[in-house]
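This is what each chain is made of:
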Amino acid sequence: MKRLISTVGLSREEWLGWRRMGIGGSDVSVIAGVNPYRSIYELWEDKLGLRNPEESENEYIHFGNVLEPVVKAEFTRRTGLKIRNKRVILQSDQYPFMLADLDGTINENGEMVIFEAKTATEYKKDVWQKGVPEEYMYQIQHYMAVTEAKKTYIAALVGGNSFIYHEVYRDESMIQEIIKMEERFWKENVLKGIEPEADGSKATTDFLNQKYKKSSGKEIELPKETMELIASYDAFSEQIKRLQKQKEKVANQIRSYMKDCEKGIIGDRRITWSPVETISIDKKRLQAEQKDIYDKYTTISSNRRLNVA
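Residues numbered from 1 in each chain as written. Predicted model: local features only at pLDDT ≥ 70, side-chain atom pairs only at ≥ 80, totals over all residues. Heavy atoms only, no water.

1. Focus: the overall build of the chain
A count of helical and extended segments in the chain gives 11 helices and 9 strands. Taken over C-alpha atoms, the radius of gyration comes to 25 Å for the chain, far larger than the 19 Å a tight globule of 309 residues would show. Its C-alpha atoms put the chain at 75 × 55 × 45 Å along the principal axes. Counting all 309 residues of the chain, 34% fall into the buried class. Counting only contacts in the chain whose residues sit at least 6 apart along the sequence, the fraction spanning at least 24 positions is 66%. Only carbon and sulfur atoms are counted for the fraction: they give 51% of the accessible area of the chain, which is about 21,500 Å². Averaging the coordinates of the 49 positive side-chain charges in the chain and doing the same for the 49 negative ones gives two points 2 Å apart. (Helix = DSSP H or I, 4+ residues; strand = E, 2+ residues; numbered from the N terminus. Rg over C-alpha atoms; globule rule 2.2 N^0.38 Å. Buried < 20%, exposed > 50% of the residue type's maximum accessible area, 1.4 Å probe, protein only. Contact = heavy atoms within 4.5 Å. Areas by Shrake-Rupley, 256 points an atom, 1.4 Å probe, with all protein chains shown as cover. Lys, Arg positive; Asp, Glu negative; His and termini not counted. Charge placed at Lys NZ, Arg CZ, Asp CG, Glu CD.)

Next up, the structure:
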């Protein structure tokens, strides 16, 4: 690896500009299709300079930066390991499109170990207790690919009052997967300017729904390759129906054991079959008998529904 540029004194706009010169750690989960907040199209447009970078200073990023020293200090207090700030964007020698801006490094028994600090909301606590969230696993394995480090400590302050950290070792098979998909994205999509293929992430669904929110009402002749997509769509739809039936069959078998009991326990698993009350409103009657109230509390939202016939 080599030092691309020091981040000391760089404005946020300048820092984001340097990040456009390659693929950073937080970009990897987007390319892998596991980032819940950012789509592959947004990343592609960002790298081509077609949109303002998404990492503008919002409240979540702001407080993540503010609390980073707190996470580092707590990690050192608990482990005795001292963290050194890098303050530099690193670049892979072998794969120059791979960049890394580390939160810090640790000298552990004469070897460089990566440190990454995170903050998370309370509802992510169970995920962090079980291990490293998938999007962050891609990030730290990317960092180990760039730096050739063998280990990473990743620590998170969850919900403002729970501190969790994990020790993660270099995963060569995952790193090879990361290098391949990053190289393909950089060379085929960024350098050639070819729009990436859509993935199945919610972020991509949201992006496409928002970008093409308004329908022109026109009809087009689709390209021939669309027939393969439709065949796949039909096959997956049938699989989902079949699996849903099988899932409901198993659920009913569990219900037959539960009978009138509300809770069931086996090993470390806990089953509940609880009463749920549902309140519904007769919209047609409300509109007919209390139109003023109906109009006052009714909101109209529009979206486009995909139907494959």
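After presenting the structure, the write-up continues.
2. Notes on the pattern of salt bridges
This structure, assessed with the given rule, holds 22 salt bridges. The salt bridge involving E74 is made with R78; its shortest N-O contact spans 2.6 Å. Residue E74 and its partner R78 are both found in helix α4 (residues 59-79); the two are separated by 4 residues, about one turn of the helix. Among the residues examined, R78 registers a relative accessible area of 46% and is labelled partly exposed. Overlapping salt bridges bring together R19, R20, D27, R38, D46 and K47 as one network. (Salt bridge = Lys/Arg side-chain N within 4 Å of Asp/Glu carboxyl O.)

3. Structural notes on helix α9 (residues 226-258)
Its 33 residues place the ends of α9 47 Å apart at the C-alpha level, agreeing with the 48 Å of an ideal helix rising 1.5 Å per residue. Directly after α9, the chain includes K259, whose backbone phi takes a positive value near 55°. (Expected span 1.5 Å × (residues − 1).)

4. Some remarks on the packing of helix α6 (residues 134-147) against helix α7 (residues 172-190)
Working note: a packed helix pair is described by the angle between its axes plus the distance between those axes. At a minimum axis separation of 9 Å, α6 and α7 run at an interaxial angle of 90°. One element, α6, and the other, α7, form an angle in the roughly perpendicular class. Seen from α6, the contacting residues are M137, Y138, Q141, H142, M144 and A145; seen from α7, they are M174, I175, E177, I178, M181 and E182. Here the residues of the contact of α6 with α7 sort into 8 nonpolar, 2 polar and 2 charged. (Axes fitted to C-alpha atoms, helices over the stretch in contact; angles between N-to-C directions. Parallel < 35°, antiparallel > 145°, perpendicular 65-115°, else oblique. Nonpolar A, V, L, I, M, F, W, Y, C, P; charged D, E, K, R; others polar.)

Geometric values such as these leave the question of function open.
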